[in-house]
Amino acid sequence: MTDHDNPYDLLGEDHDDGHRWAFGTGFTDPLAGIDTSVPPGTDGAALARYCLALGDDALIYSHRLQEWLTRMPELEEETAIANIALDLLGQARMLLARAGGILGQSEDQLAFFRSEAEFRNVRLAEHADRDFAEVVGRLLIFSSWRLALFGALSSASDPVLAAIAAKGANELTYHRDYAAQWVIRLGDGTELSHARMQAALDALWPLTAELFLPDASALASVDPGSVHAVLDMVLAAAGLSRPGGATLGPVSGRAGRDGVHTEAMGYILAEMQSVARADPDATW
Amino acid sequence: MVTATSPGQSAYDVAAGTPDPELPMLTIADLGILRGAESTEEGVVVTITPTYSGCPAMREIGADVRHRLMKAGFDRVTVKTQLAPPWTTDWITADGRRKLAEAGIAPPSPAPRRSGPVPVKLSTVPTDLPRCPRCGSASTTETARFSATACKSLHRCEACGEPFEAVKAL
């Protein structure tokens, strides 16, 4: 007899409502019981497209962060990156479930059975960080931008997207503070840490232009100036300079949101999707 | 004499006793994630609010709530999610805070309430540090902003030298 007062005892038990073999598995719809009807006056197709794009940003970036687990400089940074990746994965699941509910596809179908050209994430999300400075530099840029975006989206016309954004904004505030403190510590640290932090920003900066490209499907817009102002404050505290120079523009007018990705993307999908594609009926 | 407890109220009481899998000293009512339980024609509907978007404990909590209610004689149970308004650590009850401190986990300070753009934290020196839950000293340091679960951070007491966890204000 399972002791239901002990949550851990429940793990070994068979359930009639799903397949579960470990803590956190047997995933159910993250939007279970939520009214997911599209409100009148809202374009459902546009809403799905936009939720897919925001979900893909979080899914791909979360996967990239997970690759750093066991490779971070200290145990404390391992737990930080694991928690941040988990928050983003949670955001991805809700956003993909929102998009999938409208498109008639499950989160798993969207995550594991789309090809590279069908992913709508910005190219910053797929960048492969080469050192810890790039990890924290990219997290600062990504979370500053996404926090501004989620702030605007928390009053979106779709109450589900608005709720996901309001919840995510609290998490992104923590992510941004974590990243900002490391950027300041490295920028304001030794000659070597300063040089590597600046080199990381220089390498990442070309990817930032895409974040502010006009996007017809966007349901909220972010003033680039407000994001740059946040970044400038951090860079000033760190003694770093905002990089200039060339940016990675669209290719024939198309960028990440249109399914045009960098070389890094194919490798991510190969790893992320291989198990699901090898056994399409698997459950987790 | 017949007690005047409604089925919805007794279902709420049963659901409220469910322990949190990651902070088992707290019930989901202590944690403030139980939004309600009502008795409907389709059985009992329990509504819970996730703590963090990716919190893996939500699945376990839902299963546990269902089992506790079924054991208490409710044969049809649905667990619903409610996202808005987002959960805040301010919803942890006074009882919950006391239980956390007794278990050596510092309870959260009041969550920051903001309107408009969120200011970025520019100091690398942590502010608003929790008191040591063991000896009560205010002289503590933050060793990591993240811990074994999304909801906690890691600290050390300068007075008694013990490490401890704190629930992050969210």
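Residues numbered from 1 in each chain as written. Chains lettered and ligands numbered in written order. Predicted model: local features only at pLDDT ≥ 70, side-chain atom pairs only at ≥ 80, totals over all residues. Heavy atoms only, no water.

(A) Representation of the overall build of chain A in the model. Looking only at helices and strands, chain A features nine helices and zero strands. Scanning chain A from its N terminus toward the C terminus, one meets helices and strands in the order α-α-α-α-α-α-α-α-α. Taking 284 residues into account, the globule formula puts the C-alpha radius of gyration at 19 Å, and chain A, at 20 Å, falls close to it. Burial analysis of chain A (284 residues in total) assigns 55% to the buried set. Across chain A, contacts joining residues at least 24 apart in sequence account for 79% of those joining residues at least 6 apart. (Helix = DSSP H or I, 4+ residues; strand = E, 2+ residues; numbered from the N terminus. Rg over C-alpha atoms; globule rule 2.2 N^0.38 Å. Buried < 20%, exposed > 50% of the residue type's maximum accessible area, 1.4 Å probe, protein only. Contact = heavy atoms within 4.5 Å.)

(B) Fine view of the interface of chain A and chain B. With 52 residues of chain A at the interface, the matching set in chain B holds 42 residues. A combined buried area of about 4200 Å² lies between chain A and chain B, and 60% of that area is made up of carbon and sulfur atoms. At the boundary of chain A and chain B, one finds zero salt bridges. The interface formed by chain A and chain B holds 10 residue pairs in polar contact (both at pLDDT 80 or more) in total. Elements represented by at least two residues in the side of chain A that touches chain B include exactly helix 2 (75-103), helix 6 (159-187) and helix 8 (224-238) of chain A. A total of 15 residues in the side of chain A that touches chain B trace back to one element, the largest contributor, which is helix 6 of chain A. Classifying every residue of the side of chain A that touches chain B by side-chain character gives 27 nonpolar, 14 polar and 11 charged. (Buried area = accessible area lost by both parts, 1.4 Å probe. Salt bridge = Lys/Arg side-chain N within 4 Å of Asp/Glu carboxyl O. Polar contact = N/O pair within 3.5 Å; in protein donor to acceptor, adjacent residues only side chain to side chain. Nonpolar A, V, L, I, M, F, W, Y, C, P; charged D, E, K, R; others polar.)

(C) Fine view of the sheet that holds strand 3 (residues 77-81) of chain B. All names here are of chain B. Pairing within the open sheet is mixed, and its three strands lie in the order 1-2-3. Each end of this open sheet is capped by a strand with a single partner; those strands are strand 1 (34-40) and strand 3. Strand-to-strand twist across the sheet, computed as the mean angle between neighbouring axes with direction ignored, equals 20 degrees. Of the pairings in the sheet, the one linking strand 1 to strand 2 (residues 43-48) comprises six bridges and is antiparallel in character. Looking at the pairing, leucine 34 lines up with isoleucine 48 of strand 2. Strand contacts of helix 1 (residues 7-16): strand 1 and strand 2, with the helix running at about 140 degrees to strand 1, the strand carrying the most contacts. (Pairing = 2+ DSSP bridges. Axes fitted to C-alpha atoms, helices over the stretch in contact; angles between N-to-C directions.)

(D) Broad picture of unusual backbone geometry. The omega torsion across alanine 84 of chain B and proline 85 of chain B is -5 degrees, close enough to zero to call that bond cis. In this structure, proline 85 of chain B sits in the loop between strand 3 and helix 4 (94-102). The backbone phi angle of threonine 70 of chain A is positive, close to 80 degrees, even though this residue is not glycine. One non-glycine residue, serine 252 of chain A, lies in the positive phi region at around 50 degrees. With respect to the helices and strands, the residue serine 252 of chain A is situated in the loop between helix 8 and helix 9 (264-278). On the basis of relative accessibility, which here comes to 73%, the residue serine 252 of chain A falls in the exposed class.

(E) Expanded view of the UniProt feature "domain: MIP18 family-like" (unreviewed entry) in chain B. Taking the UniProt record as the reference, the feature "domain: MIP18 family-like" (unreviewed entry) is found at residues 19-69 of chain B. The annotated region residues 19-69 of chain B carries 33% helix and 25% strand content, and the separation between its end C-alpha atoms amounts to 13 Å. (UniProt positions renumbered as here; feature names shortened; annotations may be inferred.)

(F) Representation of the packing of helix 2 of chain A against helix 5 (residues 132-153) of chain A within the structure. Residues and elements named next belong to chain A. In contact at an axis separation of 13 Å, helix 2 and helix 5 are set at 35 degrees when each is read in the N-to-C sense. Between helix 2 and helix 5 lies a crossing of left-handed hand. For the pair helix 2 and helix 5, contact is made by Glu77, Ile81, Ile84, Leu88, Gln91 and Leu95 and by Phe132, Val135, Leu139, Phe142, Arg146 and Phe150, respectively. Looking at the contact of helix 2 with helix 5 residue by residue, the class counts come to nine nonpolar, one polar and two charged. (Left-handed = near helix turned anticlockwise from the far one by under 90°.)

(G) Quick look at the environment of alanine 180 of chain A. By secondary structure assignment, the location of alanine 180 of chain A is in helix 6. Residue class for alanine 180 of chain A comes out buried when judged on its relative accessible area of 0%. In contact with alanine 180 of chain A, not counting residues within four places along its chain, are Leu140 and Val234 of chain A together with Val120 and Lys121 of chain B.

(H) Layout of the sheet that holds strand 6 (residues 152-157) of chain B. Residue and element names in this part refer to chain B. Spatially, the four strands line up as an open sheet ordered 4-7-6-5, and their pairing is mixed. Looking at which strands have only one partner, the edges of the open sheet turn out to be strand 4 (105-106) and strand 5 (140-144). Two elements, strand 6 and strand 7 (residues 163-167), share five bridges in a ladder whose sense is antiparallel. The residue bridging histidine 155 from the neighbouring strand is phenylalanine 164, located in strand 7.

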